[in-house]
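Coordinates in review
So the chains spell out like this:
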Amino acid sequence: IWPVWHWLQLPGTQFLAASVDINLALDFSRLSRRIVESPWFQSHYGEEFALLPDENQARLYRNTKGGYRATASVQGRVIGTGGDIQILDDPHDAKKVESDAIRQATLTWHDNSWRSRLNDPRRAQKVYIGQRTHDMDIFGHVLEQEGKRWVNLVLPLEFDPKRICITYANDGTGV
């Protein structure tokens with residue numbers, strides 16, 4: 001629901017969302033769209049923006065303020081436009097990540113298709129979500145290449161009282 005909440009503040013924001021499984025990515029897209037189209041949302045926020053009827057599909061829907069949510073799958077075709085915010089959720093299939101060829105194909109898709117789809121690379125926001133499945137999965141790959149530019153939130157599978165979580169404000173300096 002994050003894109004919907006975000007649109008209440010900045011309805012012109014353009015989102016690109018992808019997952020290794022197109023069906024999962026489309027499910028998330030549909031759920032967000034259903035919120036916007038719901039009678040409750042319309043009665044409370046309907047004057048803020050509406051979805052355009054001629055571009056209202058799970059793969060791409062736009063609102064009346066210029067915002068959109070485009071959905072793709074990893075290694076699939078990424079829509080030819082850019083976005084302000086990229087959401088990459090579970091980019092690897094945990095059952096196939098040990099395959100060097102499949103993992104490398106995912107990294108190639110990321111570096112050549114996904115990364116280039118930003119409206120303004122200096123201001124774009126990226127959120128990558130998933131479990132670490134290999135040392136050189138997309139998360140390891142990105143952290144190795146540009147780790148200082150990312151805030152890396154690690155939530156361990158099991159509670160460890162020796163690990164302390166501290167949240168710092170990101171001032172944009174990348175430090």
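Structural notes, computed from the coordinates. In this text the structure is predicted, and so the values were computed from the model without any measurement.

Let us look at the overall build of the protein. The helix and strand inventory of the protein stands at five helices and six strands. Whereas a compact globule of 175 residues would reach a radius of gyration of roughly 16 Å, the protein reaches 17 Å, a difference of no more than 12%. For the protein, the spread of C-alpha atoms along the principal axes amounts to about 45 × 35 × 30 Å. Contacts spanning at least 24 positions in sequence make up 69% of the contacts within the protein whose residues lie at least 6 apart. In the structure as shown, the protein presents an accessible area of about 11,200 Å², 52% of it carried by carbon and sulfur atoms. If the 21 positive side-chain charges of the protein are averaged to one point and the 22 negative ones to another, these points end up 3 Å apart.

What follows deals with unusual backbone geometry. The phi dihedral of aspartate 90 falls on the positive side, at around 50°, and the residue is not glycine. Topologically, aspartate 90 is positioned in the loop between β5 (85-89) and α4 (100-114).

Turning next to the pairing of β5. Remark: a regular strand shows side chains that alternate across the two faces of the sheet. Within β5, five of the five residues are buried, leaving the element largely enclosed by the surrounding structure. Of the two faces of β5, both are covered, the one formed by Ile85, Ile87 and Asp89 as well as the one formed by Gln86 and Leu88. Bridge count for strand β1 (residues 14-19) against β5 is five bridges, and the pairing is parallel. Bridge pairing links leucine 16 to glutamine 86 in β5. Note: β5 against strand β6 (residues 125-129), five bridges, orientation parallel. Bridge pairing in β6 places glutamine 86 opposite lysine 126. In terms of handedness, the path from β5 via α4 over to β6 forms a crossover that is right-handed.

Next up on the list: the layout of surface pockets. Where empty space is left can be seen by rolling a probe of water-molecule size over the atoms. For the second largest pocket, the calculated volume is near 230 Å³. The wall of the second largest pocket is formed by 14 residues, among which Ile1, Phe28, Arg69, Ile87 and Asp89 lie closest to the centre. Here the lining of the second largest pocket is composed, by residue class, of 10 nonpolar, two polar and two charged.

Let's shift gears to the packing of aromatic side chains. In total, this model carries nine aromatic pairs according to the counting rule given. Relative to phenylalanine 15, the ring of tryptophan 2 lies with its centre 5.6 Å away and its plane at 80°, an arrangement referred to as edge-to-face. Of the two residues, tryptophan 2 sits in helix α1 (residues 2-9) while phenylalanine 15 sits in strand β1, which places them 13 residues apart along the sequence. Residue class for phenylalanine 15 comes out buried when judged on its relative accessible area of 0%. With centroids separated by 5.5 Å and ring planes inclined at 80°, the aromatic side chains of tryptophan 7 and phenylalanine 49 adopt a geometry described as edge-to-face. Placement of tryptophan 7 in helix α1 and of phenylalanine 49 in the loop between α3 (39-45) and β2 (51-56) is noted, with a sequence separation of 42 residues between them. Of the two residues examined, tryptophan 7 and phenylalanine 49, each falls in the buried class. Through successive ring pairs, a cluster of aromatic residues spans Trp2, Trp7, Phe15, Trp40, Phe41, Tyr45, Phe49 and Tyr61.

This part covers the pairing of strand β4 (residues 68-73). Of all the six residues making up β4, six are buried; the element is thus mostly covered by neighbouring parts of the structure. Burial along β4 is two-sided: the face carrying Tyr68, Ala70 and Ala72 and the face carrying Arg69, Thr71 and Ser73 are both buried.

A separate point is helix α5 (residues 138-146). Those residues of α5 that sit buried are Ile138, Phe139, Gly140, His141, Val142 and Glu146. Contacts from the buried residues of α5 go to β5, α4 and β6.

Definitions and limits used
Sequence order sets the numbering: in each chain, residues are counted from 1 along the sequence as written. Only residues with pLDDT of 70 or above have their local features reported here, since the model is predicted, and side-chain atom pairs are shown and tallied only from 80 upward, although totals for entire chains, interfaces and linings are computed over all residues. Side-chain descriptors were evaluated using all non-hydrogen atoms of the structure, hydrogens and water having been removed beforehand. Every helix listed is a DSSP run of H or I at least four residues long, and every strand listed is a run of E at least two residues long, numbered separately from the N terminus. Values of the radius of gyration come from C-alpha atoms, whereas the globule rule sets the reference at 2.2 Å times the count of residues to the power 0.38. Note on contacts: a residue pair qualifies if any of its non-hydrogen atoms lie within 4.5 Å across the two residues. Accessible surface is estimated by sampling points in the Shrake-Rupley manner with a 1.4 Å probe; for residues, cover comes only from the protein chains shown. Under the convention used here, Asp and Glu are negative, Lys and Arg are positive, and both His and the chain ends fall outside the count. Every charge is mapped to an atom, namely NZ of Lys, CZ of Arg, CG of Asp or CD of Glu. Throughout this description, buried means an accessible area under 20% of the type-specific maximum (1.4 Å probe, protein chains only), exposed means over 50%, and partly exposed covers the range between. Following DSSP output, two strands are said to pair if at least two bridges run between them. Viewed with both strands pointing away, a crossover whose connecting path from the first strand over the helix to the second turns clockwise is right-handed. Using a 1 Å grid laid over the protein atoms alone, points where a 1.4 Å probe fits but cannot get out form a cavity; open sets with protein on both sides within 12 Å along at least 5 of 7 lines form a pocket; any residue with an atom within 4 Å of a point counts as lining. Grid points are joined across faces, edges and corners, and a volume is the space filled by probe spheres set on the points. All residues other than Ala, Val, Leu, Ile, Met, Phe, Trp, Tyr, Cys, Pro, Asp, Glu, Lys and Arg, Gly among them, are scored as polar; the first ten of these are nonpolar and the last four charged. Any pair of Phe, Tyr and Trp rings, taking the six-membered ring for Trp, is counted once the centres come within 6.5 Å. Such a pair is stacked with planes under 30 degrees apart, edge-to-face with planes over 60 apart, and tilted for the rest.

Interpretation note: all reported values are geometric properties and have no functional meaning in isolation.
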